[in-house]
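# A closer look at the structure
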Amino acid sequence: MPKQSAGLLMYRRRKEGIQVLLVHPGGPYWANKDLGVWSIPKGEYAEGEDPLETARREFREETGTAAFGQFLPLTPIKQAGGKRVQAWAFEGDLNASSISSNTFSMQWPPRSGKQQTFPEVDRAEWFTIDTARIKIRKGQAALLDELLAILAKT
């Protein structure tokens, strides 16, 4: 069975338009990459787990902030590697420069035998939809379009 992830797309309304919160993956492999690597805060869940509860837990782990509000379900997407991502949008606001993420350990540098700890997310940022389209992982861009369509109806 393909891996499954669940995540939250936080948005806010500004006079310039809708902005979305995206996170940048931490660790040495992502340090010098920018375009096409940002993501919604998300994480994997096992069969039988509640995807929305997983999404809320992952948001808290990756940003240090609890997610509250009305969660709008978005159509699940499939990323290039086959992972299915279930997401919800919700309106909120947080100081992106003060996020605090959980960490992971890996051998670094490769074949060095040394374990180093890195944040799962090294930064978060608010982006306009147009900028988010070029920053976000290609497979997640459809979430931005659906968010705009939902907000246009309200």
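Here goes a summary of the coordinates provided. (Residues numbered from 1 in each chain as written. Predicted model: local features only at pLDDT ≥ 70, side-chain atom pairs only at ≥ 80, totals over all residues. Heavy atoms only, no water.)

### Overview of helix α1 (residues 51–63)
Between the first and last C-alpha of α1 there are 18 Å, a value that for 13 residues agrees with the 18 Å anticipated at 1.5 Å per step. When we look at burial in α1, the residues that qualify are Thr54, Ala55, Glu58, Phe59, Glu62 and Thr63. Angularly, the buried residues of α1 cover 135° about the axis, an arc narrow enough to put them on a single face. Residues of α1 that are buried in the fold lie against β1 (4–14), β2 (17–25), β3 (42–44), β6 (84–91) and β9 (121–128). (Helix = DSSP H or I, 4+ residues; strand = E, 2+ residues; numbered from the N terminus. Expected span 1.5 Å × (residues − 1). Buried < 20%, exposed > 50% of the residue type's maximum accessible area, 1.4 Å probe, protein only. Arc of directions from axis to C-beta. Contact = heavy atoms within 4.5 Å.)

### Regarding the environment of Ala67
Structurally, Ala67 can be placed in the loop between α1 and β4 (72–73). Spatially, the C-alpha atoms of Ala67 and Gln107 are 32 Å apart, while their sequence positions differ by 40 residues. Not counting residues up to four positions away in its chain, the partners in contact with Ala67 are Leu8, Arg56, Phe59 and Phe90.

### Observations concerning the pattern of salt bridges
A complete count under the given rule lists twelve salt bridges for this structure. Salt-bridge contacts for Glu61 lead to Arg57; the nearest nitrogen and oxygen are separated by 3.8 Å. One end of the pair is Glu61 and the other is Arg57, both in helix α1 and four residues apart, which spans about a single turn. A salt bridge links Arg123 to Asp122; the shortest N-O distance between them is 3.3 Å. By relative accessible area, which is 31% here, Arg123 ends up partly exposed. For Asp122, a relative accessible area of 33% translates into the label partly exposed. Within this structure, Glu49, Arg57, Glu58 and Glu61 form a network of salt bridges that share partners. (Salt bridge = Lys/Arg side-chain N within 4 Å of Asp/Glu carboxyl O.)

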